[in-house]
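Understanding the architecture of this molecule
Below are the chains, spelled out letter by letter.
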Amino acid sequence: MNFEISKYFPGVRPNVPMPSHELLVLLKEEGMRKLVSDHYDLLVQSPIKHLFPKNPIALEKAKEHAADFFIQICGGPDYFNQNRGLPQMNRRHRPFQITAEARIEWLNCYREVLKKLDLPENVVLSFWNYLDVFSKWMVNS
């Protein structure tokens, strides 16, 4: 499977392709939460660990929020909106200095988690393509 990371161009806000809802259908909520948790477990060991909570309780809450967001994006219940309001992810990430290099590291951690999934390639790549473009919106430094 080819998990290509597209080039980031400062100031460019590309249209974000929504991922296939099939990912949530196949993984179910529990699997989506595990996917996000596994991703965060890699992030807190990565060169960008400074962007994530050091406190275990805060880290679990961050995992929950992220999982709620991705479950919603993949066609599940709107947990994120119910608990946190409209996503506005660009605004929520402004307090953190997210560089183009941090984006690549974040995606590399997702690549590792996604490679372990035993799902149809088109479903996984749909989610990957979403992450690749979505992540460009988070770069702010």
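Quick notes on the rules
- Residues numbered from 1 in each chain as written.
- Predicted model: local features only at pLDDT ≥ 70, side-chain atom pairs only at ≥ 80, totals over all residues.
- Heavy atoms only, no water.
- Helix = DSSP H or I, 4+ residues; strand = E, 2+ residues; numbered from the N terminus.
- Expected span 1.5 Å × (residues − 1).
- Buried < 20%, exposed > 50% of the residue type's maximum accessible area, 1.4 Å probe, protein only.
- Contact = heavy atoms within 4.5 Å.
- Core = buried A, V, L, I, M, F, W, Y, C linked by side-chain atoms within 4.5 Å.
- Polar contact = N/O pair within 3.5 Å; in protein donor to acceptor, adjacent residues only side chain to side chain.
- 1 Å grid on protein atoms, 1.4 Å probe; cavity = no way out; pocket = protein on both sides within 12 Å on 5 of 7 lines; lining within 4 Å.
- Points joined across faces, edges and corners; volume = space filled by probe spheres on them.
- Nonpolar A, V, L, I, M, F, W, Y, C, P; charged D, E, K, R; others polar.
- Axes fitted to C-alpha atoms, helices over the stretch in contact; angles between N-to-C directions.
- Parallel < 35°, antiparallel > 145°, perpendicular 65-115°, else oblique.
- Left-handed = near helix turned anticlockwise from the far one by under 90°.
- Salt bridge = Lys/Arg side-chain N within 4 Å of Asp/Glu carboxyl O.

A word on helix α1 (residues 22-43)
In a regular helix each residue adds 1.5 Å, so 22 residues correspond to 32 Å; α1 covers only 25 Å between its end C-alpha atoms and thus falls short of that length. Where α1 is concerned, the buried positions are Leu 23, Leu 24, Leu 27, Gly 31, Met 32, Leu 35, Val 36, Ser 37, His 39, Tyr 40 and Leu 43. Its buried side turned inward, α1 meets α2 (56-73), α5 (100-115) and α6 (121-134).

So, the nonpolar core
If you look at the biggest cluster of nonpolar residues, it comprises 41 residues, and the most contacted ones within it are Met 32, Phe 70, Trp 106, Tyr 110, Leu 114, Phe 127 and Leu 131. Contributions of two or more residues to this core are made by α1, α2, α5 and α6. Setting aside chain neighbours within four positions, we find Phe 127 in contact with Pro 19, Leu 23, Leu 35, Phe 70, Cys 74, Tyr 110 and Leu 114.

Some remarks on the environment of Ile 48
Relative to the elements of secondary structure, Ile 48 occurs in the loop between α1 and α2. By relative accessible area, which is 7% here, Ile 48 ends up buried. Measuring from C-alpha to C-alpha, the distance between Ile 48 and Thr 99 comes to 9.9 Å, with 51 residues separating the pair along the chain.

Examining the side chain of Lys 63
Mapping Lys 63 onto the fold places it in helix α2. In this structure Lys 63 comes out as buried when scored by relative accessible area, which is 7%. A polar side-chain atom of Lys 63 sits 3.0 Å from a polar atom in the side chain of Ser 37. A polar contact is formed between the side chain of Lys 63 and the side chain of Asp 41, at a distance of 2.7 Å. Setting aside its immediate chain neighbours within four residues, Lys 63 contacts Val 36, Ser 37, Tyr 40 and Asp 41.

So, the layout of surface pockets
Its volume calculated, the second largest pocket comes out at about 160 Å³. Around the second largest pocket, the lining residues are Leu 27, Gly 31, Lys 34, Leu 35, Asp 38, Asp 41, Leu 42, Val 113, Lys 116 and Leu 117. In terms of residue count, α1 provides more of the lining of the second largest pocket than any other element does, 7 residues in total. Looking at side-chain class alone, the lining of the second largest pocket contains 5 nonpolar, 1 polar and 4 charged residues.

Observations regarding the packing of α2 against α6
Contact pair α2 / α6: the axes reach a minimum separation of 13 Å and the direction vectors enclose 120°. Classified by the angle between their axes, α2 and α6 sit oblique to one another. As α2 packs across α6, the resulting crossing turns out to be right-handed. Between α2 and α6, the residues in contact are Phe 69, Phe 70 and Ile 73 and Phe 127, Tyr 130, Leu 131 and Phe 134, respectively. Split into classes, the residues belonging to the contact of α2 with α6 amount to 7 nonpolar, no polar and no charged.

Some remarks on the pattern of salt bridges
Across all of its chains, the model carries 7 salt bridges by this definition. Where Lys 34 meets Asp 38, a salt bridge forms, and the shortest distance between an N and an O atom there is 2.7 Å. Here Lys 34 and its partner Asp 38 are both found in helix α1, 4 residues apart, which amounts to about one turn of the helix. For Lys 34, a relative accessible area of 51% puts it in the exposed group. Using a relative accessible area of 27% as the deciding quantity, one classes Asp 38 as partly exposed.

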